[in-house]
Amino acid sequence: MSSNTSKISVISTRIRGVARIWSILVWLLALILVVGTRNTPSASSLVNTPLDILVPLSLLISLIGLGIAWRWEGFGILINMAFYLAILPIYWLLHREWIHISIMVGLSPVILPGILFAFSWILSKKENS
């Protein structure tokens, strides 16, 4: 039983490490995108309604959830996944059409570390019980 528990612990630790590295890379990508868009047209010409800021805001909160998951995995996972998945209804409420699947696939690097954190968290809970 001890050997099985230690294997689960090693797997959980490795998955958590991959999730942390991936979350750092996602944060760096987000930073590059923000810095790289400094010379774009003003936001007023790109935004259709004042509420269009809700989709990027939801992505930002989802990224913050990744940071929280470093300390409190369960809470961070909940924030990350909830706000990432909230993009679907927010976009539909704003535009009365569903967001294209290719956009959600393009944004998937934001939720994938959260999924890895979730696997690690579940394995940790399984090990403790």
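Here the structure is a predicted model, which is why all the values come from computation and not from measurement.

## A word on the overall build of the protein
Point 1. What the protein contains, in helices and strands, is 7 helices and 0 strands.
Point 2. For the protein, the N- to C-terminal ordering of α and β elements is α-α-α-α-α-α-α.
Point 3. Taking contacts inside the protein between residues at least 6 apart in sequence as the whole, the part at least 24 apart equals 76%.

## Let's talk about unusual backbone geometry
Point 1. You will see that Arg 96, though not glycine, has its phi angle at about 55°, which is positive.
Point 2. Here Arg 96 falls in the exposed class, since its relative accessible area comes to 55%.

## Things to note about the packing of aromatic side chains
Point 1. Tallying each qualifying case throughout the model produces 1 aromatic pair.
Point 2. Its end group placed over the ring of Trp 92, Arg 96 keeps NZ or CZ at 4.8 Å from the ring centre.

## Brief notes about the side chain of Ser 120
Point 1. Along the chain, the position of Ser 120 falls in helix H7 (residues 112-128).
Point 2. Residue class for Ser 120 comes out buried when judged on its relative accessible area of 0%.
Point 3. Not counting chain neighbours up to four residues away, the residues in contact with Ser 120 comprise Ser 12, Ile 15, Arg 16 and Glu 73.

## A look at the confidence of the model for the protein
Point 1. Mean pLDDT over the protein works out to 87, with 87% of the residues at or above the 70 mark.
Point 2. For the protein, the element scoring lowest by mean pLDDT is helix H2 (residues 43-46), at 57; helix H4 (residues 73-85) scores highest, at 95.

## Focus on the packing of helix H3 (residues 54-69) against H4
Packed helices, taken two at a time, are described by the angle their axes make and the gap between the axes.
Point 1. Relative orientation of the contacting elements H3 and H4 amounts to 165°, with a least axis distance of 7 Å. The orientation of H3 with respect to H4, classified from their angle, is roughly antiparallel. The crossing of H3 and H4 is left-handed. Residues Ser 58, Leu 59, Ile 61, Ser 62, Gly 65, Leu 66, Ile 68 and Ala 69 of H3 lie in contact with H4, whose contacting residues are Glu 73, Phe 75, Gly 76, Ile 77, Ile 79, Asn 80, Phe 83 and Tyr 84.
Point 2. Split into classes, the residues belonging to the contact of H3 with H4 amount to 10 nonpolar, 5 polar and 1 charged.

Rules used throughout
- Residues numbered from 1 in each chain as written.
- Predicted model: local features only at pLDDT ≥ 70, side-chain atom pairs only at ≥ 80, totals over all residues.
- Heavy atoms only, no water.
- Helix = DSSP H or I, 4+ residues; strand = E, 2+ residues; numbered from the N terminus.
- Contact = heavy atoms within 4.5 Å.
- Buried < 20%, exposed > 50% of the residue type's maximum accessible area, 1.4 Å probe, protein only.
- Phe/Tyr/Trp six-rings, centres within 6.5 Å; stacked < 30°, edge-to-face > 60°.
- Lys NZ or Arg CZ within 6 Å of the ring centre and 35° of its normal.
- pLDDT = per-residue confidence, 0-100.
- Axes fitted to C-alpha atoms, helices over the stretch in contact; angles between N-to-C directions.
- Parallel < 35°, antiparallel > 145°, perpendicular 65-115°, else oblique.
- Left-handed = near helix turned anticlockwise from the far one by under 90°.
- Nonpolar A, V, L, I, M, F, W, Y, C, P; charged D, E, K, R; others polar.

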